[in-house]
Amino acid sequence: MTVVTSQDGPITLIGIDRPERRNAVDGPTAAALAAAFRAFDADPDAGVAVLYGTGGTFCAGADLHAIGTAGGNRADPDGDGPMGPTRMRLSKPVIAAISGHAVAGGLELAIWADLRVADETAVFGVFCRRWGVPLIDGGTVRLPRLIGRSRAMDMILTGRPVDAAEAYEIGLANRLVPAGEALEAARELAASIAAFPRTCLVRDRASVLEQEGLDEPDALANEFRHGQVSLAVDALAGAARFASGAGRHGSFG
């Protein structure tokens, strides 16, 4: 089994477990990752997923040893991406917990997630530049949307390593924590997000994702449609809690 999953209340933990390959993803592992995230998205009790790698490495990309074999990554225009879930748009958030290398396809998995918690050992990079292996799991699309075209072009053209401090500085990492603490910090962040009223959370998230490619009037209209659902489901109960004294003075308890 190269993908391990576990449940911690509303948090689903999904781990790539190929430490002997620095968690490089081959075809079967990609399929297992896609299946794990489909199961997470379909589970009504699951609120937030955390994606991580075992053994101190997030993911070294596609397993180049498997290319040209029966265990190679699929490279078809339809269906799942070569790295598994990278073509999915889930209805719930995913946090990547990053220790060690998140490079090539591993970088693409990391930027597919909604948020990235990196520890001080984290290294990001388009290391596949050295071998002529292209970014086909969203790297050329999501990276510039996250950090801007200029910085993304620097990473994509040079293939240089970006350490944790720089990743945090440019917005590639959302949180920076001490070495060895990425997974626990990601779990804590996931728990805090999962505690919020879920309908409003997922509807606001959907509006952010869907506004890309829309002009402003259409994006605002789409936001309003999502907001109407949230108002009907979450807002009355939330207003009542506020009126009773909860959440005052910026408290999120």
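Look up a bit, the structure's there.
Read on for a plain summary of the structure. Keep in mind that what you see is a predicted model, and the values were worked out from it rather than measured. (Residues numbered from 1 in each chain as written. Predicted model: local features only at pLDDT ≥ 70, side-chain atom pairs only at ≥ 80, totals over all residues. Heavy atoms only, no water.)

**Comments concerning a negative patch on the surface**
A grouping of Glu120, Glu181, Glu184 and Glu188 is seen on the molecular surface, where their side chains present a negatively charged patch. Tracing the backbone shows glutamate 184 in helix H6 (residues 182–194). (Patch = residues over 30% accessible without salt bridge, like charges linked within 9 Å, V, L, I, M, F, W, Y side chains within 5 Å. Areas by Shrake-Rupley, 256 points an atom, 1.4 Å probe, with all protein chains shown as cover. Salt bridge = Lys/Arg side-chain N within 4 Å of Asp/Glu carboxyl O. Lys, Arg positive; Asp, Glu negative; His and termini not counted. Charge placed at Lys NZ, Arg CZ, Asp CG, Glu CD. Helix = DSSP H or I, 4+ residues; strand = E, 2+ residues; numbered from the N terminus.)

**Quick notes on the packing of aromatic side chains**
Describing an aromatic ring pair means giving the distance of the ring centres and the angle of the ring planes. Within this structure, the stated rule accounts for one aromatic pair. On the basis of an interplanar angle of 80° and a centroid distance of 4.9 Å, the ring pair of phenylalanine 37 and tryptophan 112 is categorised as edge-to-face. Of this pair, phenylalanine 37 sits in helix H1 (residues 27–42) while tryptophan 112 sits in helix H2 (residues 105–112), and the two are 75 residues apart along the sequence. Its relative accessible area of 10% is what places tryptophan 112 among the buried residues. A cation sits over an aromatic face here: lysine 92 above phenylalanine 40, 4.8 Å from the ring centre. (Phe/Tyr/Trp six-rings, centres within 6.5 Å; stacked < 30°, edge-to-face > 60°. Buried < 20%, exposed > 50% of the residue type's maximum accessible area, 1.4 Å probe, protein only. Lys NZ or Arg CZ within 6 Å of the ring centre and 35° of its normal.)

**Details of the environment of alanine 173**
Of note, alanine 173 is situated in the loop between helix H5 (164–169) and strand E9 (175–177). The class of alanine 173 is buried, set by a relative accessible area of 3%. Remark: the alpha-carbon pair of alanine 173 and serine 192, spanning 19 residues in sequence, is separated by 18 Å. Alanine 173 has contacts with Arg116, Ala118, Ala167 and Tyr168, leaving out every residue within four places of it along the chain. (Contact = heavy atoms within 4.5 Å.)

**Side note on the nonpolar core**
Ranked by size, the top nonpolar core spans 46 residues in total, and within it Phe37, Phe124 and Leu172 carry the most contacts. Where this core is concerned, the elements lending two or more residues are strand E2 (11–16), H1, strand E3 (48–53), strand E4 (94–98), H2, helix H3 (139–147), helix H4 (149–158) and H5. In terms of residues, this core owes the most to one element, H1, which gives six residues. Excluding residues that lie within four positions of it along the chain, phenylalanine 124 makes contacts with Ile98, Ala102, Val103, Leu107, Ala118, Met155, Arg160, Pro161, Val162, Ala167 and Leu172. Within the second largest apolar cluster, 16 residues are counted, among which are Leu13, Val48, Ala185 and Ala194. (Core = buried A, V, L, I, M, F, W, Y, C linked by side-chain atoms within 4.5 Å.)

**Looking at the pattern of salt bridges**
Oppositely charged side chains are able to pair whenever their charged atoms sit close together. Taken as a whole and assessed by the stated rule, the structure comprises 10 salt bridges. In this structure, arginine 18 engages aspartate 63 in a salt bridge whose closest nitrogen and oxygen atoms are separated by 3.0 Å. You can see arginine 18 sitting in the loop between E2 and H1 and its partner aspartate 63 sitting in the loop between E3 and E4, a full 45 residues away along the chain. For the residue pair arginine 18 and aspartate 63, the accessibility class agrees, reading buried in each case. Two residues, arginine 21 and aspartate 63, come together in a salt bridge whose shortest N-O distance is 3.8 Å.

Distances and angles like these do not, on their own, reveal function.
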